[in-house]
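Residue strings, one per chain:
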Amino acid sequence: QNGSAPPPKPPKPEDKNKPPKPPVSLRLIIGNDGGVFQSYAGGKGWEHLSRIPAGEFYRISLDDSRPIYRIAGGLQDNCNWVGPSAVSSKEGIRNSDWTPFTGADGFYVLFDPADRDTLYGDNQEGVVHRFNMRTGELRILKPLTPEGREPTRFHWNSPLIMSRHKPGVLYLGSNHVFRLTDRAEHYAVISPDLSRNEPEKTRVVGSGAEVYGVVYSLAESPVRAGTLWAGTDDGRLWVTQDDGGKWTELTANLPEPLRNQWIVRIDPGVQDANVAYVAASGYRVGDDRPMIARTSDGGKTWTNISGDLPANDPVEAIREDPVNPKLLYAGTHFGLFASFDQGGHWVRIGDLPPVRVDDLQIHPRTFDLVIATHGRSIYVLDDARPFRELTPEIASKPVHFFSVRPANGAYAPSGFSEWNGKGVYRGANPADGALFTVWVKDFTGDEIKIAITNATGAPVANLKAPGIAGFARLNWDLRPTEDVLTKYGGDDPKKLMSSGDYTAELSFGPNKMKQTFHVDLAEGITPRGGFEPQE
């Protein structure tokens, strides 16, 4: 009555026979398609554990920025992104070095070859975007269903490709194929309904992931203008030789078990317009067999080249090497495989976790193999040329020293690292300097030794590695090794060697072999975040 607080109630006597209550934990951890989150406040506040590389990439593409090329791709529930393959910082490649554009789920992302600041991407159900990194302009350019026609069906992951023959032209898959022109501002339908169009299965409902009866795989021949390949999720395969004027169905020509299966990827031959590879998948109906076929006559006949891929490992991506057509890569649900004989025999590429590989790209200048995984983000295999150069004759030799690509300056010339402790994810930069690759047939107990000399023949570095059977890699950071230094006021061990020509001599037991290579320090890294114009 007088506003004072009531006296406290006396505590209840404790029941000595009753066990004490366990402490209440306020820590929660949630995992979803956006990553892993934790709370120390019972859910009142959340921390995104972005230091875990768990990105789910659907598709990727590469540009030719110098000296660092860029990678763009779409993430499950995490937008479309673009970022550098390296940075000039000892911090490594961080999340903050990548730029997102568009919300929702990201899929295909393409670089405009005429404007390095313009990118095209799509979200679920064919929502095409054009984004300018310089101005921030974002245009939504989804093609609309022409009046009087049944609604166009777009898949969750609608294929969007850039023409290599017609500047400014893009192609987009729905149950039809669209040609986009004028920076995707205008569009035209260039195919009939390529699906089976079964009314009981093709209703347009839900988020887009439920849409069925669409073109899921779309590809343009890099050799012959006007040749487009299209594959549907309900098992139909098509080709046109006149940019959509006439489409020919090839479904019945496919071998078992690919016939009538979901066409997940088409990869036209890089050197021969009559060559193409098709990967199909039946895991959604309980068939986990790997399925890859190859044609060399424009789709009239096909050969099953699934070979000795693991029996229960569905294929999601197939890629022909742009220089050596006998070298193929296959991305499966459990990793990455290579074939050196056009699909007769497959071997697993080591050092990659057993994760689903959804896309593969080979950079034309650096020869890097860039791997998009669905759950472990992006991997880059630096300089995949040794795979390209490996032949049965080389594999039968005791040892082989592969050609060396030109080397440039260090990727991390200055600065401190670990400013943010372990709370920030860092992707590793490519190794500094020159990369050497050696093939060893059998383990003999001998060491791999590489002696490096400059143009005058003076020794500048010596490298060693165990002679384990298979591929071995050694890296020279362009600095003199301790055994060739003049100490106590002599050579500076931290100073990079000068630009010029160098020779590397391999010694392995009685076997010796040399490779020459060039070092160009002017091709070093620009200030962090900067890119040189494309040539």
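Worth saying up front: this structure is predicted, and the values here are computed from it rather than measured.

What counts and what doesn't
Residues numbered from 1 in each chain as written. Predicted model: local features only at pLDDT ≥ 70, side-chain atom pairs only at ≥ 80, totals over all residues. Heavy atoms only, no water. Pairing = 2+ DSSP bridges. Helix = DSSP H or I, 4+ residues; strand = E, 2+ residues; numbered from the N terminus. Core = buried A, V, L, I, M, F, W, Y, C linked by side-chain atoms within 4.5 Å. Buried < 20%, exposed > 50% of the residue type's maximum accessible area, 1.4 Å probe, protein only. Contact = heavy atoms within 4.5 Å. pLDDT = per-residue confidence, 0-100. Axes fitted to C-alpha atoms, helices over the stretch in contact; angles between N-to-C directions.

Some details on the sheet that holds strand β21 (residues 262-268)
What the 4 strands build is an open sheet, ordered β21-β22-β23-β24; its pairing is antiparallel. Of all strands in the sheet, those with a lone pairing partner are β21 and β24 (303-304), marking the two edges. Pairing analysis gives 2 bridges linking strand β23 (residues 287-295) to β24, with the strands arranged antiparallel. Bridge pairing links Arg294 to Thr303 in β24.

Some thoughts on the nonpolar core
Ranked by size, the top nonpolar core spans 26 residues in total, and within it Phe436, Val438, Ile448, Ile450, Ile452, Trp476 and Phe517 carry the most contacts. Counting only elements with at least two residues in this core, the list comes to β32 (399-401), β35 (434-440), β36 (447-453), β37 (459-466), β38 (470-476), β39 (500-508) and β40 (511-520). Ignoring any residue separated from it by four or fewer positions in sequence, one finds Ile448 in contact with Val438, Val440, Leu463, Lys464, Ala465, Pro466, Gly467, Ala472, Leu474, Leu506, Ser507 and Phe508.

Observations regarding the environment of Thr366
Looking at where Thr366 falls in the secondary structure, it is placed in the loop between β29 (357-362) and β30 (369-373). On the basis of relative accessibility, which here comes to 11%, the residue Thr366 falls in the buried class. On a C-alpha basis, the gap between Thr366 and Glu91 in space is 23 Å, while along the polypeptide they are 275 residues apart. Among residues more than four places away in sequence, those in contact with Thr366 are Tyr69, Asp383 and Arg405.

As for the confidence of the model for the chain
Summarising the model, the chain shows a mean pLDDT of 90, and 91% of its residues fall at 70 or more. Considering only residues more than four positions removed or in separate chains, one finds that residues 525-535, a stretch of pLDDT under 50, has 32 contacts.

Description of the sheet that holds strand β15 (residues 177-181)
Taken in spatial order, the 4 strands make up an open sheet running β13-β14-β15-β16, and their pairing is antiparallel. What marks the edges here is a single partner per strand, and that holds for β13 (160-162) and β16 (186-189). Strand-to-strand twist across the sheet, computed as the mean angle between neighbouring axes with direction ignored, equals 25°. When strand β14 (residues 170-173) meets β15, the two strands line up antiparallel, connected through 4 bridges. Within β15, the residue paired with Leu172 across the bridge is Phe178.

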